[in-house]
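The primary structure of each chain is shown beneath.
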Amino acid sequence: MKSNFRKAICVLIGIGILLGLVSCKKANELVGESNMDISKEEFEECYHVKTGKTVVDYTTPLDQAVDKLEWLANFPYLEEGAREKFLLAEEVVKEFPLSFSVKFKLIGNSFEDKEVKLDYIDFDYDRPQKKDSIYEIDIVNRIGVLWLNDQLDELYDIADYYKAIYRYQDYLYTFPTAEELKNYESDDSWVKLVEQMDYNDSSPKDEKSKDNYYITDLLIENYYSYNNLLESSVSPEDLFGFNSLENRYELVKIFKEYGSDVFGENVNGQYIINNYEKMFAEFDEKIMEEHHLTQEKFR
């Protein structure tokens, strides 16, 4: 009965190293000790690992990534010393789900020699290196919301984020234990808050609130709505996109200082922002200088 149950939950083996291993998790819990006496058929179904490379990165759902690495850390035939590295990898994907990938190669086993060896394990910052627009805007949005809610002590620049990630990579290559990483404190620890920000805690997309992850997008939309001639001269992408992230920061700073007053109100079909000059004059001047515009190009 127990043997049949083990076989039933191991049928995914052969699709790939990790999928097979995770599918056999319950089987291993039932078997217990790593030196258990099993048949060759059962070994082939549940514990045979082929030599191969694996990458766990931001495209892997977090719960799946954690399960894969936890299972490997507890694989009964894993060579001594590799367990700590997989426990560390598990902690890395928990703390840095956006930026770090975990890459490793396993040397497979056989029924005669069941030990699985770890050839190498790397912690790479592949995604930050690409510096693509969607990723960077996501990071800036996160930093902005955390700062507005006083969870960050300053409005960190995107360059500060990259520098912090690179320094963490240097630390990871000292191969601390998972517990050491969990308790590691440095001036860069703020970056973990950015990495782990949960969208589920965000207010609805249309809410003009500091709790809304998309508050910067609403501020941009508001700025263009009031300055209704501006888009014919410079697009939102040019003014607030990948190459102009500092302007997104400027709007967040203005919102931090003046709150919902920046959104004004619609009075009898007319869009009015009281004290607009007080709030936005410096920013308007910056835009005019950067894009060679006159005030008449705004509204």
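Structure's up top.
Here the structure is a predicted model, which means the values were calculated and not measured.

Rules behind the numbers
Residues numbered from 1 in each chain as written. Predicted model: local features only at pLDDT ≥ 70, side-chain atom pairs only at ≥ 80, totals over all residues. Heavy atoms only, no water. Helix = DSSP H or I, 4+ residues; strand = E, 2+ residues; numbered from the N terminus. Buried < 20%, exposed > 50% of the residue type's maximum accessible area, 1.4 Å probe, protein only. Areas by Shrake-Rupley, 256 points an atom, 1.4 Å probe, with all protein chains shown as cover. Lys, Arg positive; Asp, Glu negative; His and termini not counted. Salt bridge = Lys/Arg side-chain N within 4 Å of Asp/Glu carboxyl O. Polar contact = N/O pair within 3.5 Å; in protein donor to acceptor, adjacent residues only side chain to side chain. Contact = heavy atoms within 4.5 Å. Axes fitted to C-alpha atoms, helices over the stretch in contact; angles between N-to-C directions. Parallel < 35°, antiparallel > 145°, perpendicular 65-115°, else oblique. Left-handed = near helix turned anticlockwise from the far one by under 90°. Nonpolar A, V, L, I, M, F, W, Y, C, P; charged D, E, K, R; others polar. 1 Å grid on protein atoms, 1.4 Å probe; cavity = no way out; pocket = protein on both sides within 12 Å on 5 of 7 lines; lining within 4 Å. Points joined across faces, edges and corners; volume = space filled by probe spheres on them.

**Digging into the overall build of the chain**
- Tallying secondary structure elements over the chain gives 15 helices and 5 strands in all.
- Out of the 299 residues in the chain, the part that is buried amounts to 46%.
- For the chain, the computed accessible surface area is about 15,600 Å², with 46% contributed by carbon and sulfur atoms.

**Comments concerning the side chain of E195**
- With respect to the element layout, E195 can be found in helix α11 (residues 190-196).
- Put simply, E195 is tucked away with no salt bridge, and the nearest opposite charge, on R142, sits 7.1 Å away.
- Separated by 3.0 Å, the side chains of E195 and S99 make a polar contact.
- Filtering out sequence-adjacent residues up to four positions away, E195 remains in contact with E95, F96, P97, L98, S99, Y135, R142, Y161 and I165.

**Considerations on the packing of helix α8 (residues 133-148) against helix α14 (residues 245-258)**
- Here α8 crosses α14 at 20 degrees, and the two axes come no closer than 11 Å. Taken together, the axes of α8 and α14 are roughly parallel relative to one another. Like other packed secondary-structure pairs, α8 and α14 cross with a definite hand, here right-handed. Each of E136, I137, V140, N141, I143, G144, W147 and L148 in α8 lies in contact with α14, whose residues at this interface are L245, R248, Y249, V252, K253, F255 and K256.

**A short note on the packing of α14 against helix α15 (residues 276-291)**
- Here α14 crosses α15 at 170 degrees, and the two axes come no closer than 10 Å. Taken together, α14 and α15 sit at an angle that is classed as roughly antiparallel. On α15, the residues that touch E246, N247, E250, L251, I254 and Y258 of α14 are K278, M279, F280, F283, K286, I287 and E290.
- Tallied by class, the residues present in the contact of α14 with α15 amount to 7 nonpolar, 1 polar and 5 charged.

**A few points about the environment of F100**
- Its location among the elements puts F100 in the loop between α6 (82-95) and β2 (101-107).
- It is 8.8 Å that separates the C-alpha atoms of F100 and V56, two residues lying 44 residues apart in sequence.
- Excluding its chain neighbours within four sequence positions, the residues that come into contact with F100 are V56, D57, V92, F123, D124, Y125, I165, Y168, Q169 and L172.

**A word on the layout of surface pockets**
- A volume near 230 Å³ is recorded for the largest pocket.
- Taken together, 17 residues line the largest pocket, and the ones lying closest to its centre are T60, L62, V93, P97 and L98.
- Mapped onto the lining of the largest pocket, the elements with two or more residues apiece are α5 (62-73), α6 and α11.
- Of the voids in this model, the second largest pocket is the one considered here, and its volume is about 190 Å³.
- Contributions of two or more residues to the lining of the second largest pocket are made by α14 and α15.

**Let's talk about unusual backbone geometry**
- For D150, which is not glycine, the phi torsion reads 60 degrees and is therefore positive.
- Tracing the backbone shows D150 in the loop between α8 and α9 (158-172).
- The class of D150 is exposed, set by a relative accessible area of 58%.
- Although it is not a glycine, F175 sits at a positive phi angle of roughly 50 degrees.
- Assignment of secondary structure puts F175 in the loop between α9 and α10 (178-183).

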